[in-house]
Amino acid sequence: MSNVSHARSDISGHPDASEMRARYDRVMGGRDVALVDAPVFLVGLYCAVSPWVLHFTAGQPALVTHNLVMGIAIAVLALGFTAMPERMYGLSWAICAMGAWIIVSSWVVGSSPDAGIVINNIIVGGLTVLLGMVCAGAAAKTRRT
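Basis of the calculations
Residues numbered from 1 in each chain as written. Predicted model: local features only at pLDDT ≥ 70, side-chain atom pairs only at ≥ 80, totals over all residues. Heavy atoms only, no water. Core = buried A, V, L, I, M, F, W, Y, C linked by side-chain atoms within 4.5 Å. Buried < 20%, exposed > 50% of the residue type's maximum accessible area, 1.4 Å probe, protein only. Helix = DSSP H or I, 4+ residues; strand = E, 2+ residues; numbered from the N terminus. Contact = heavy atoms within 4.5 Å. Disulfide = S-S within 2.5 Å. pLDDT = per-residue confidence, 0-100. Expected span 1.5 Å × (residues − 1). Patch = residues over 30% accessible without salt bridge, like charges linked within 9 Å, V, L, I, M, F, W, Y side chains within 5 Å. Areas by Shrake-Rupley, 256 points an atom, 1.4 Å probe, with all protein chains shown as cover. Salt bridge = Lys/Arg side-chain N within 4 Å of Asp/Glu carboxyl O. Axes fitted to C-alpha atoms, helices over the stretch in contact; angles between N-to-C directions. Parallel < 35°, antiparallel > 145°, perpendicular 65-115°, else oblique. Left-handed = near helix turned anticlockwise from the far one by under 90°. Nonpolar A, V, L, I, M, F, W, Y, C, P; charged D, E, K, R; others polar.

Q: So what's going on with the nonpolar core? Which residues, and what values?
A: Within the largest apolar cluster, 18 residues are counted, with the highest numbers of intra-cluster contacts made by Val40, Ile74, Phe81, Ile95, Ile102 and Cys135. Counting only elements with at least two residues in this core, the list comes to α2 (34–53), α3 (61–83), α5 (92–108) and α6 (115–144). Counting residues per element, this core draws most heavily on α3, at 5 residues. Each residue touching Ile74, except ones within four places of it in the same chain, is listed here: Val40, Gly44, Ile95, Met98, Ile102 and Thr128.

Q: Explain the state of the cysteines to me, using residue names and the numbers behind them.
A: Inspection of every chain in the model, using the stated rule, returns 0 disulfides. Cysteine Cys96 is unpaired, with the sulfur of Cys135 as its nearest cysteine sulfur at 8.2 Å.

Q: Just give me the short version of the confidence of the model for the protein, but keep the residues and values in it.
A: For the protein, the average pLDDT comes to 83, and 83% of its residues sit at 70 or higher. Put simply, helix α1 (residues 17–29) is where the protein has its lowest mean pLDDT, 70, and α5 is where it has its highest, 94.

Q: Tell me about α3, and please be specific about residues and values.
A: Compared with the 33 Å implied by 1.5 Å per residue over 23 residues, the 33 Å span of α3 between its first and last C-alpha is a close match. All of the buried residues in α3 are Leu63, Val64, His66, Asn67, Met70, Gly71, Ile74, Ala75, Leu77, Ala78, Gly80 and Phe81.

Q: Summarise a nonpolar patch on the surface; cite the residues concerned and give the values.
A: A cluster of nonpolar side chains, namely Tyr46, Val49, Trp52, Val53, Leu54, Leu68, Ile72 and Val76, defines an oily patch on the protein surface of about 670 Å² accessible area. When residues in the nonpolar patch are grouped by element, the largest group, 4 residues, is from α2. Along the chain, Leu68 turns up in helix α3.

Q: Describe the environment of Cys47, with residues and values.
A: One can find Cys47 in helix α2. Residues Cys47 and Ala75, 28 residues apart in the sequence, show an inter-C-alpha distance of 9.2 Å. Residues within four places of Cys47 in sequence aside, it is in contact with Asn67, Leu68, Met70, Gly71, Ile102 and Val124.

Q: Kindly report on α5, identifying the contributing residues and their values.
A: Between its terminal C-alpha atoms α5 stretches 24 Å, which fits the 24 Å expected from 17 residues at 1.5 Å a residue. Ser92, Ile95, Cys96, Met98, Gly99, Ile102, Ser105 and Ser106 are the residues of α5 that are buried.

Q: Describe the packing of α3 against α5, with residues and values.
A: Between two packed helices, the angle of one axis relative to the other and the distance separating the axes together describe the packing. Packing of α3 against α5 brings their axes to within 11 Å, and their N-to-C directions diverge by 165 degrees. As summarised for this structure, α3 and α5 are arranged roughly antiparallel, according to the angle between their axes. Handedness of the crossing formed by α3 with α5: left-handed. Side by side, α3 and α5 meet where Leu63, His66, Met70, Ala73, Ile74, Leu77 and Phe81 of the first sit next to Ser92, Ile95, Met98, Trp101, Ile102, Ser105 and Ser106 of the second. Grouping the constituent residues of the contact of α3 with α5 by class yields 10 nonpolar, 4 polar and no charged.

Q: Could you give me a rundown of unusual backbone geometry, with the residues and numbers involved?
A: Glycine aside, residues mostly have negative phi, and peptide bonds are mostly found in the trans state. Unlike most non-glycine residues, His55 shows phi in positive territory, near 60 degrees. Tracing the sequence through the fold places His55 in the loop between α2 and α3. At Ser112, a residue that is not glycine, the phi angle is positive and equals roughly 45 degrees. Considering the arrangement of structural elements, one finds Ser112 in the loop between α5 and α6. In this structure Ser112 comes out as exposed when scored by relative accessible area, which is 68%.

Here it is as structure tokens:
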């Protein structure tokens, strides 16, 4: 049997310690914005179901389809951010553009929408722009380091 009584508790002298640290940094480096993925997903889901939550399905059929498609697209991008963050955070600016489009879409896509629809799309679009900016900022910070 080998004598292990001389074993140390730290591995700083191990020949592969620097490689293990670099690998750990590489694996964990892109996940500092993981907490933003879930809110982006939830905003996308709410955008998709908001026509039924606010009951504007009969009066604004074009906006119903629009919000459904945009919400699903945002939710799919959020899932992509979670599954492949190093590849997907380049699309963070697309989330910002989608949010800006959601803000103005009430007047462009809809036909004389009421105040509830407009306020809903402004809030959802504003949150989407804000969360997209957070994702884009984190991606830029990760690329710099």
